[in-house]
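Reading the structure
Chain by chain, the residues:
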Amino acid sequence: MKQIRTRIANWSLLGLLLAVAATSLYAPSASAHGEKSQAAFMRMRTIHWFDLKWSKEKVAVNEDVEITGKFHVFEGWPETVAEPDVAFLNIGIPGPVFIRKESYIGGQLVPRSVRLEIGKTYEFRVVLRARRPGDWHVHTMMSVQGGGPIIGPGKWISIEGGSFSDFKNPVTTLTGQTVDLEVYQESNIAFWHIFWAVFGLAWILYWVRRPVFLPRLLLVDAGRADEIVTPLDRKVGAAFAAATILIVVVAMSSANGKYPITIPLQAGTMRGIKPIDLPKPTVSVKVEDATYRVPGRAMRMKLTITNSGNSPIRLGEFYTASVRFLDSDVYRDTTGYPEDLLAEDGLTVSDNSPIAPGESRTVEVQASDAAWEVYRLADIIYDPDSRFAGLLFFFDASGTRQIVQIDAPLIPSFI
Ligand SMILES: [Cu+2]
């Protein structure tokens, strides 16, 4: 017996040590949080996030960060992802290290799910308030019912200054009272749960003062079950029952007295979210073919670009699945876009001289960066639908931008 016990103790100790070693000695810091492992074609063909801006990269506890931008719901939405009839503008962070103070789509506050329309472009804004010190990779994301999480680009934001315990979340109710949501009603919840736990415990303790199992079993077996429960026991039982009902009723009416105005949970999908009207581009692009090398970190496209506007234009950027490939001769990012997703000079165009109004030109475009591999867009080779989609950004001499969406099969090449 003693030997078995020591053995169990030894093995438990070993297990504990292994668990500690596995969690504390080896703790790699993750740099992407879910999106890499999702199917590449889904990331390319669902939501295109662009014009993202982060108001700050460093904040103190209780300070706000604002994330703004636009997203385009791609026309060729994949079959396996339910249409975004019920979608929720979320934020991808490891728990509430920030709290979401406000979030807007098209200027409308969106605390609930919304209905998005395929093919439309929307403007969004999220206000986050810093809560827990640390370096956090903050993603904008869209949760689509029946489809899953669609994760936007993630940016590192540091919360420095202040401590977790300084965090405050004041809210003024319509009854005129200002409360701190961080701690509001905490002691009330604790009180009632402990109260009822003790109440239940008291009931059990009342009975276990006397021998619990064997003597009672034998009495029942001998046909003398009635002797186990005495008249006093019955009175105590009735007292417990009456007290329970009394406390519930009194406490409920006192809660109603203290909080006379309460509302049910507010819920329901919001319809009629306003998209933005992007001017119809005066550039049209035809994807003649598109390929990528396996293995490799680049994709190539042959594009026929027709400029039907009235100023010469150049191609400045190709965006797909959060990765931005820029031609630094034409366009430079100033928004502090996440480094691992920004290929500052990742876009090479065989002839990127200005395309004159009325001119049509076929060019070879190469989008190349480690991000293609790091973010596993190269893994489209494993996908059941080898088609890509993205946005092209053209600029004229004055910097005016035009956005053209492209979408075509993406064919691997192995030699
Ligand atoms: Cu992340």
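Residues numbered from 1 in each chain as written. Predicted model: local features only at pLDDT ≥ 70, side-chain atom pairs only at ≥ 80, totals over all residues. Heavy atoms only, no water.

In this structure, His33 (ND1), His137 (ND1) and His139 (NE2) serve as the protein donors to the copper ion, at separations of 1.7 to 2.0 Å. For His33, a relative accessible area of 35% gives the class partly exposed. On the basis of relative accessibility, which here comes to 3%, the residue His137 falls in the buried class. (Donors = N, O, S within 2.8 Å, 3.2 Å for Na, K, Ca; no water. Buried < 20%, exposed > 50% of the residue type's maximum accessible area, 1.4 Å probe, protein only.)

Moving on to the environment of Pro170. Among the structural elements, Pro170 can be located in strand 10 (residues 170-172). Accessibility expressed as a relative area gives 44% for Pro170, which makes it partly exposed. Considering only alpha carbons, one finds Pro170 and Ser37, 133 residues apart in sequence, at a separation of 38 Å. Residues in contact with Pro170, not counting those within four places in the same chain, are Lys101, Thr178, Val179 and Asp180. (Helix = DSSP H or I, 4+ residues; strand = E, 2+ residues; numbered from the N terminus. Contact = heavy atoms within 4.5 Å.)

Packing of helix 3 (residues 186-208) against helix 5 (residues 231-258) leaves a shortest axis separation of 11 Å and a crossing angle of 175 degrees. Here helix 3 is positioned roughly antiparallel relative to helix 5, judged by the angle of their axes. Contacts between helix 3 and helix 5 pair Trp192, Phe195, Trp196, Phe199, Ala202, Trp203, Tyr206 and Trp207 from the former with Leu232, Asp233, Val236, Gly237, Phe240, Ala243, Thr244, Ile247, Val248 and Ala251 from the latter. Within the contact of helix 3 with helix 5, the residues separate by chemical class into 15 nonpolar, two polar and one charged. (Axes fitted to C-alpha atoms, helices over the stretch in contact; angles between N-to-C directions. Parallel < 35°, antiparallel > 145°, perpendicular 65-115°, else oblique. Nonpolar A, V, L, I, M, F, W, Y, C, P; charged D, E, K, R; others polar.)

Attention now goes to the sheet that holds strand 16 (residues 342-343). Strand pairing in a sheet is mediated by backbone hydrogen bonds. Such pairs are either parallel or antiparallel. Strand order in the open sheet made by the five strands is 16-15-14-19-20, with mixed pairing throughout. Each edge of the open sheet carries a strand with a single partner, namely strand 16 and strand 20 (401-409). Both strand 15 (residues 323-326) and strand 16 contribute to a ladder of two bridges, which runs parallel. Looking at the pairing, Arg324 lines up with Leu342 of strand 16. (Pairing = 2+ DSSP bridges.)

Taken together, the side chains of Asp329, Glu339, Asp340, Glu344 and Asp345 define an acidic patch exposed on the protein surface. Along the chain, the position of Asp345 falls in the loop between strand 16 and strand 17 (347-349). (Patch = residues over 30% accessible without salt bridge, like charges linked within 9 Å, V, L, I, M, F, W, Y side chains within 5 Å. Areas by Shrake-Rupley, 256 points an atom, 1.4 Å probe, with all protein chains shown as cover. Salt bridge = Lys/Arg side-chain N within 4 Å of Asp/Glu carboxyl O. Lys, Arg positive; Asp, Glu negative; His and termini not counted. Charge placed at Lys NZ, Arg CZ, Asp CG, Glu CD.)

Our next topic: unusual backbone geometry. Here the residue pair Val294 and Pro295 is connected by a cis peptide bond, since its omega of -10 degrees sits within 30 degrees of zero. Structurally, Pro295 can be placed in the loop between strand 12 (283-293) and strand 13 (298-307). Positive phi values are uncommon outside glycine, yet Ala321 reaches one of about 45 degrees. Tracing the backbone shows Ala321 in the loop between strand 14 (313-320) and strand 15.

Attention shifts here to the domain arrangement of the protein chain. By the assigned domains, the protein chain splits into domain 1 (35-175), domain 2 (186-258) and domain 3 (283-414). Each of domain 1 and domain 3 has a C-alpha centre, and the two are 25 Å apart. Every contact between the two is made by 27 residues of domain 1 and, on the other side, 29 residues of domain 3. Both faces considered, domain 1 and domain 3 share a buried interface measuring about 2,300 Å² in area, 58% of it formed by carbon and sulfur atoms. Among the residues of domain 1 in contact with domain 3, Lys36, Met44 and Arg45 are the three that bury the most area, contributing 29% of the side total. Where domain 1 packs against domain 3, one counts two salt bridges. In this structure, Asp51 engages Arg401 in a salt bridge whose closest nitrogen and oxygen atoms are separated by 2.6 Å. Counting every contact that joins domain 1 to domain 3 gives eleven residue pairs in polar contact (both at pLDDT 80 or more). (Domains from an automatic or database assignment. Buried area = accessible area lost by both parts, 1.4 Å probe. Polar contact = N/O pair within 3.5 Å; in protein donor to acceptor, adjacent residues only side chain to side chain.)

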